[in-house]
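Tertiary structure, described
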Amino acid sequence: MSARAWAAFAAVSTLWGIPYMLIKVGVDDGVPPVFLAWVRVVVGAAVLLVFAPRAEVLRAFRSRARWLAVFAAAEIVVPFTLLGFGEQHISSSLTAILIAAAPMFVAVLALRFDVSERIGGRRLVGLVLGLAGVAALVGIDVAGRPDELFGVTAVLGAAFCYAVGPMVLKRHLADLDPRASMAASLVLAAVFLAPAAALDPPAAVPSVAAIAALLGLGLFCTAAALVLYGTLVAEVGAGRALVITYVNPVVAVALGTAVLGERPGPGAAVGLLLILTGSWLSTGGGVPTRRKAGQKAEREGDQGPEQVAVRTVV
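Before going into details, it helps to say that this report is about the structure given with it.

About the cut-offs
Residues numbered from 1 in each chain as written. Predicted model: local features only at pLDDT ≥ 70, side-chain atom pairs only at ≥ 80, totals over all residues. Heavy atoms only, no water. Core = buried A, V, L, I, M, F, W, Y, C linked by side-chain atoms within 4.5 Å. Buried < 20%, exposed > 50% of the residue type's maximum accessible area, 1.4 Å probe, protein only. Helix = DSSP H or I, 4+ residues; strand = E, 2+ residues; numbered from the N terminus. Contact = heavy atoms within 4.5 Å. Phe/Tyr/Trp six-rings, centres within 6.5 Å; stacked < 30°, edge-to-face > 60°. Axes fitted to C-alpha atoms, helices over the stretch in contact; angles between N-to-C directions. Parallel < 35°, antiparallel > 145°, perpendicular 65-115°, else oblique. Left-handed = near helix turned anticlockwise from the far one by under 90°. Nonpolar A, V, L, I, M, F, W, Y, C, P; charged D, E, K, R; others polar.

With respect to the nonpolar core
- Formed by 79 residues in total, the largest nonpolar core has its most connected members in V41, L83, L98 and I99.
- Ranked by the residues each element gives to this core, the list is headed by helix α10 (residues 208–236), at 11 residues.
- Beyond its immediate sequence surroundings of up to four residues, L98 is in contact with I90, V134, L137, V152, V155, L156 and A159.

In structure tokens:
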């Protein structure tokens, strides 16, 4: 991978390990999940609209409005809301571990939608291992408690959306300026979420900690992370971009334990190991390597700009 891709990978891996703790702080303080998602999106959109080239944002709206709306729904509106509902019932650590199943959903969706990401052999073994990890986690730590099962279902729904989003980005939006495409997506997401947020505002003024959590979600975990994530997908493809989920749970579990005092159960340890192993295998079971300059130039010479931009590094 290029130095740019590695830098984006490191930054996104860290930034997207943080929001689970911040979401938990917000919903535990009484901020409704839809309102939390809306504030997060509005803050992120406001920041990106300042830094994104205005002409590029307008071009994105004019040329890709439909796909921007699909991406906004799949990557932002639905999963951000589902995470809030999920964390009303389960810990931030458990949430992050379940989100690590996203690459396996990419593998399943690729059977129909993306030849470059399709599974076979050990990738199929990885899918089975990952599903076994989810089953172990739910069976041991949740063990049939209805409220926690609801939370798990909501979070797995978010993980599925996180598999759909990058595939849409890779196929239809990856040639756009990441700042412009993400700013446009956040604006659309804010519009989509606004009616529901207006119907369910907080019953009281959020605490200072909750307000700080909302600002952190918007500024760092949304605005900065989405731009970096768009860059990463364009560099390495949807499946390998989701390798960030190998690091996210470690960051999230560490924060949940150190800051929130969470104590993950034995199912979390077993589930995390199986899910991460399964995700690693289902995305190819290897680390992308740097191409030689001559090979890269030769390949890029045979492809159009859009194909080069969305190429998956093998």
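Quick look at the packing of aromatic side chains
- Taken as a whole and assessed by the stated rule, the structure comprises three aromatic pairs.
- With a centroid separation of 5.9 Å and 90° between ring planes, the pair formed by W6 and F9 is classed as edge-to-face. Note that W6 and F9 are positioned in helix α1 (residues 3–15) at a spacing of three residues, about one turn of the helix.
- Residue class for W6 comes out partly exposed when judged on its relative accessible area of 37%.

Quick look at the packing of helix α5 (residues 92–99) against helix α8 (residues 146–173)
- One way to put it is that α5 packs onto α8 with a least axis distance of 9 Å and a crossing angle of 40°. Regarding the angle of α5 to α8, the classification is oblique. Handedness of the crossing formed by α5 with α8: right-handed. Mapping the contact onto sequence places L94, T95, L98 and I99 in α5 and V152, V155, L156, A158, A159 and Y162 in α8.
- Here the residues of the contact of α5 with α8 are counted per class, giving nine nonpolar, one polar and no charged.

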